[in-house]
Amino acid sequence: MNVKDELKDTTEKLRKQREELSVKMHLASMEVRDEWEEIEEKWEEFTAKSKQFYKEVEPSLGEIRTALSLLGSELEAGYQKIKSALKHSR
């Protein structure tokens, strides 16, 4: 799998998780909502860096890929944390 396909797959996976949780946020506690706001900021950063990645693939591939991987991991961990909190708050 090439770098663009890998990023596209990661972005789609995160987008689906984000959409799932977005629908459930109205039931969440204030603590979970605060966590969601923090994750939303990271999502905005992730999508902005993804766009940057596509514009500058060749010259800065390594640096951007590392940053996106880290943000993607943080997003995935944050979504899992919120998902877990939603399950326990019912």
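These notes cover the structure that comes with them. Being a predicted model, the structure only gives us computed values, none of them experimental.

A closer look at the overall build of the chain
Okay, so step 1: Counting its secondary structure elements, the chain contains three helices and zero strands.
Okay, so step 2: Helices and strands appear in the chain in the N-to-C order α-α-α.
Okay, so step 3: Across its three principal axes, the chain shows a C-alpha extent of roughly 45 × 20 × 15 Å.
Okay, so step 4: Counting only residues that meet the buried cut, the chain has 31% of its 90 residues in that class.
Okay, so step 5: A separation of at least 24 residues holds for 75% of the contacts in the chain among residues at least 6 apart in sequence.
Okay, so step 6: If you average the places of the 17 positive and of the 20 negative side-chain charges in the chain, the two averages end up 5 Å apart.

Quick notes on the layout of surface pockets
Okay, so step 1: There is about 210 Å³ of room inside the largest pocket.
Okay, so step 2: For the largest pocket, the lining is made up of 13 residues, of which E6, L7, T10, L68 and S69 are closest to its centre.

Quick notes on the pattern of salt bridges
Okay, so step 1: Summed over all chains, the structure comprises seven salt bridges.
Okay, so step 2: When the shortest N-O distance is used, the salt bridge between R18 and E40 registers 2.8 Å. Here R18 is found in helix α1 (residues 3-24), whereas its partner E40 is found in helix α2 (residues 30-55), with 22 residues between them in sequence.
Okay, so step 3: Judged by its relative accessible area of 15%, E40 is buried.
Okay, so step 4: The salt bridge partner of K42 is E74, with a shortest N-O separation of 2.5 Å.

Here we look at the packing of aromatic side chains
Okay, so step 1: On inspection of all chains with the given rule, the structure shows two aromatic pairs.
Okay, so step 2: Plain terms: the ring middles of W36 and Y79 are 6.1 Å apart, the flat faces sit at 35° to each other, and that makes the pair tilted. Of the two residues, W36 is situated in helix α2 and Y79 in helix α3 (residues 57-88); the sequence distance between them amounts to 43 residues.
Okay, so step 3: Given a relative accessible area of 1%, Y79 falls into the buried group.
Okay, so step 4: Relative to F46, the ring of W43 lies with its centre 5.9 Å away and its plane at 25°, an arrangement referred to as stacked. Taken together, the positions of W43 and F46, both in helix α2 and three residues apart, correspond to about one turn of that helix.

Each value, and the rule that gives it
Residues numbered from 1 in each chain as written. Predicted model: local features only at pLDDT ≥ 70, side-chain atom pairs only at ≥ 80, totals over all residues. Heavy atoms only, no water. Helix = DSSP H or I, 4+ residues; strand = E, 2+ residues; numbered from the N terminus. Buried < 20%, exposed > 50% of the residue type's maximum accessible area, 1.4 Å probe, protein only. Contact = heavy atoms within 4.5 Å. Lys, Arg positive; Asp, Glu negative; His and termini not counted. Charge placed at Lys NZ, Arg CZ, Asp CG, Glu CD. 1 Å grid on protein atoms, 1.4 Å probe; cavity = no way out; pocket = protein on both sides within 12 Å on 5 of 7 lines; lining within 4 Å. Points joined across faces, edges and corners; volume = space filled by probe spheres on them. Salt bridge = Lys/Arg side-chain N within 4 Å of Asp/Glu carboxyl O. Phe/Tyr/Trp six-rings, centres within 6.5 Å; stacked < 30°, edge-to-face > 60°.

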